[in-house]
Amino acid sequence: MAGLHNLYVLMKYLMMILSFIILVSGLVLLGVGIWINVGTTSFIKSVGEFSSQLGIVSNILAVAGAGLSLLGFIGCYGAWAEKRSFILVFFVVVSLVFLAEIVMALIVLIYQQKVANIIREASKQTLIHSYKGPGATDAISVAWNALMLTFKCCGVENTTSDFVGSTFTNNTGLLYPQTCCVNPVSPSCDGVNTSPGILHTSSCDVKIIHFMKSQSIIMGSTAAVICVLELAAMMISVVLYVRLGSSGYQV
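Nothing here was measured: the structure is a model prediction, and the numbers come from that model.

Caption draft 1: Layout of the side chain of D162. Examined against the element boundaries, D162 turns out to sit in the loop between helix 5 (139-151) and helix 6 (167-172). In this structure D162 is buried but unpaired, with K124 as the nearest side chain of opposite charge at 4.1 Å. A polar side-chain atom of D162 sits 2.6 Å from the main-chain amide nitrogen of V156. When residues no more than four places from it in sequence are discounted, the contact partners of D162 are K124, L127, I128, G155, V156 and E157.

Caption draft 2: Structural context of the pattern of salt bridges. On inspection of all chains with the given rule, the structure shows one salt bridge. Close ionic contact of K12 with E82 constitutes a salt bridge, the shortest N to O distance being 3.4 Å. Residue K12 is located in helix 1 (residues 2-38), and its partner E82 is located in the loop between helix 3 (51-81) and helix 4 (84-129); the two are separated by 70 residues in the primary sequence. For K12, a relative accessible area of 16% gives the class buried. Taking relative accessible area as the criterion, E82 reaches 23% and is therefore assigned partly exposed.

Caption draft 3: Representation of a nonpolar patch on the surface within the structure. Side chains of L7, L10, L14, I17, F20, I21, V24 and V28 sit close together on the surface and give an oily, nonpolar patch of about 650 Å² of accessible area. Within the secondary structure layout, V28 lies in helix 1.

Caption draft 4: Broad picture of the confidence of the model for the protein. When pLDDT is averaged along the protein, the result is 80; 86% of the residues meet or exceed 70. Confidence, read as mean pLDDT per element, is least for helix 2 (residues 41-46) in the protein (52) and greatest for helix 6 (92). A low-confidence stretch, residues 247-251 stays under pLDDT 50, and its non-local contacts, those more than four residues away or across chains, total four contacts.

Cut-offs used in this document
- Residues numbered from 1 in each chain as written.
- Predicted model: local features only at pLDDT ≥ 70, side-chain atom pairs only at ≥ 80, totals over all residues.
- Heavy atoms only, no water.
- Helix = DSSP H or I, 4+ residues; strand = E, 2+ residues; numbered from the N terminus.
- Buried < 20%, exposed > 50% of the residue type's maximum accessible area, 1.4 Å probe, protein only.
- Lys, Arg positive; Asp, Glu negative; His and termini not counted.
- Salt bridge = Lys/Arg side-chain N within 4 Å of Asp/Glu carboxyl O.
- Polar contact = N/O pair within 3.5 Å; in protein donor to acceptor, adjacent residues only side chain to side chain.
- Contact = heavy atoms within 4.5 Å.
- Patch = residues over 30% accessible without salt bridge, like charges linked within 9 Å, V, L, I, M, F, W, Y side chains within 5 Å.
- Areas by Shrake-Rupley, 256 points an atom, 1.4 Å probe, with all protein chains shown as cover.
- pLDDT = per-residue confidence, 0-100.

Below you can see the structure in the form of structure tokens.
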């Protein structure tokens, strides 16, 4: 019996550790959600009308992270204080969250290409119709200038070709803005000269999608770790719940 008791004690501390890790993972998701909403303002503004959808995604991540943090606290306290009610709540909520994460992962896998196409098209429309140039102070122009300077790219898909018929070209008569240049302050960067070496050769959609994929790998890895931890925590919580009930513990 002593060996069995020690096993339950071990599982109790394992649940506390797993719950603490879930709490920390939730804080990471909360941080990522806040970062998307605050730290990538330029990118969000550059996709125009679809910025609201990206804002929703960041809010979902933030809320999910806050929820996981609270859940981790409940599990950790329930195991430490040996409260069956807390452990039961922990098990039920973790089970629901686990199922929801599986469904969300499947949706992301199914629609990831569609999302990439939507972002590409939305970005192109804002560049053509709303971008006014390096000196403009409106949100979309500032966002595009920041993107092209940060990612060292030009245009959405075809570099200077994307500016043909655009508001920027119609207003200035230039083929490209200074932010497209490798060296924006160079005399050769005059908006007309397209000689090799003057302009960035990469289009921004490739850079943006690559950036998003790199972030999705981080978020996906975090989510996968959380799912494994949740599965282990569910099994341990069931055992502890049954153990505490059969041992005459009071809730």
